[in-house]
Amino acid sequence: MLTIAVSKGRIYEEALPFLAEAGITPTDDPNTSRKLILQTTRPDVQLVIIRATDVPTFVEYGAADLGIAGKDVLIEHGADNLYEPLDLNIARCRLMTAAHKNAPAISGRVRVATKYVKIAEQYFAAQGVQAEIIKLYGSMELAPLVGLADCIVDLVDTGNTLKANDLEPRELIMNISSRLVVNKAAMKMKHKVIAELLAQFEQTLASRN
């Protein structure tokens, strides 16, 4: 049995059609079921539904053989112990800095609110900016409005939430998409079945392009 870890939210919504094209569909309705382990139309594959930030941990420690996670989550986790064989090209967005529309350009020293601590530290250090990182788990847009931070680092899709709060995107840090990751031990012990699944995923990606 292969276990694939998938998170709720946009990745989940875009991963399900991709998996379906590869012949893997949950047997329970994912929109109504409260189950966290879903059997699929492939008897040798099941899905586990977990928080996005937990996907790399589940895969790294072997609780799941494979997982689907955003590149931002993988970098922040430090997924050196995982294979990352495929960019699934789903849940695409941008990781950017953003600030109040009247705020000056970032330079010198800055306070940054973000949940992407590692990425923000690396980015601002490369820019020669001394950054004080304030870790928030959500509501980043509030930080510049209440004086908690000068800017934020967060994912940007449409930018509508930023605009509604008088913020604007500034610098692109990186483009983000979701990747397939594989447990290294599983890749050795279940090599044949995982290799076949990767080949099927590659064919699905090719048919989408």
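Shown above is the structure to which this text applies.
The present account deals with the structure reproduced in this document. (Residues numbered from 1 in each chain as written. Predicted model: local features only at pLDDT ≥ 70, side-chain atom pairs only at ≥ 80, totals over all residues. Heavy atoms only, no water.)

Thoughts on the overall build of the protein chain
Here comes step 1: Looking only at helices and strands, the protein chain features eight helices and eleven strands.
Here comes step 2: C-alpha atoms of the protein chain, sized along the principal axes, occupy 55 × 35 × 30 Å.
Here comes step 3: When the 209 residues of the protein chain are sorted by exposure, 44% land in the buried category.
Here comes step 4: Residue pairs in contact within the protein chain that sit at least 24 positions apart in sequence constitute 68% of those at least 6 positions apart. (Helix = DSSP H or I, 4+ residues; strand = E, 2+ residues; numbered from the N terminus. Buried < 20%, exposed > 50% of the residue type's maximum accessible area, 1.4 Å probe, protein only. Contact = heavy atoms within 4.5 Å.)

Quick word on the pattern of salt bridges
Here comes step 1: Scanning the model with the defined rule gives twelve salt bridges in all.
Here comes step 2: The residue Arg 208 makes a salt bridge to Glu 21 at a minimum N-O spacing of 2.8 Å. Placement of Arg 208 in helix α8 (residues 191-208) and of Glu 21 in helix α1 (residues 10-21) is noted, with a sequence separation of 187 residues between them.
Here comes step 3: Of the residues examined, Arg 208 reaches a relative accessible area of 36% and is grouped as partly exposed. (Salt bridge = Lys/Arg side-chain N within 4 Å of Asp/Glu carboxyl O.)

So, a nonpolar patch on the surface
Here comes step 1: A grouping of Leu 142, Leu 145, Val 146 and Leu 148 is seen on the molecular surface, where their side chains present a nonpolar patch of about 350 Å² in accessible area.
Here comes step 2: Along the polypeptide, Leu 145 turns up in helix α5 (residues 142-145).
Here comes step 3: Leu 145 sits in the partly exposed class, given a relative accessible area of 38%. (Patch = residues over 30% accessible without salt bridge, like charges linked within 9 Å, V, L, I, M, F, W, Y side chains within 5 Å. Areas by Shrake-Rupley, 256 points an atom, 1.4 Å probe, with all protein chains shown as cover.)

Focus: the layout of surface pockets
Here comes step 1: Considered as a void within the structure, the largest pocket measures approximately 790 Å³ in volume.
Here comes step 2: As for the largest pocket, its lining consists of 32 residues, of which Asp 72, Val 73, Lys 115, Tyr 116 and Leu 155 are closest to the centre.
Here comes step 3: When contributions to the lining of the largest pocket are tallied by element, the ones reaching two or more residues are α1, α3 (71-77), β9 (151-156) and α6 (160-164).
Here comes step 4: It is α3 that provides the largest number of residues to the lining of the largest pocket, a total of four residues.
Here comes step 5: Taken together, the residues that form the lining of the largest pocket break down as twelve nonpolar, ten polar and ten charged. (1 Å grid on protein atoms, 1.4 Å probe; cavity = no way out; pocket = protein on both sides within 12 Å on 5 of 7 lines; lining within 4 Å. Points joined across faces, edges and corners; volume = space filled by probe spheres on them. Nonpolar A, V, L, I, M, F, W, Y, C, P; charged D, E, K, R; others polar.)

Keep in mind these values describe shape, not function.
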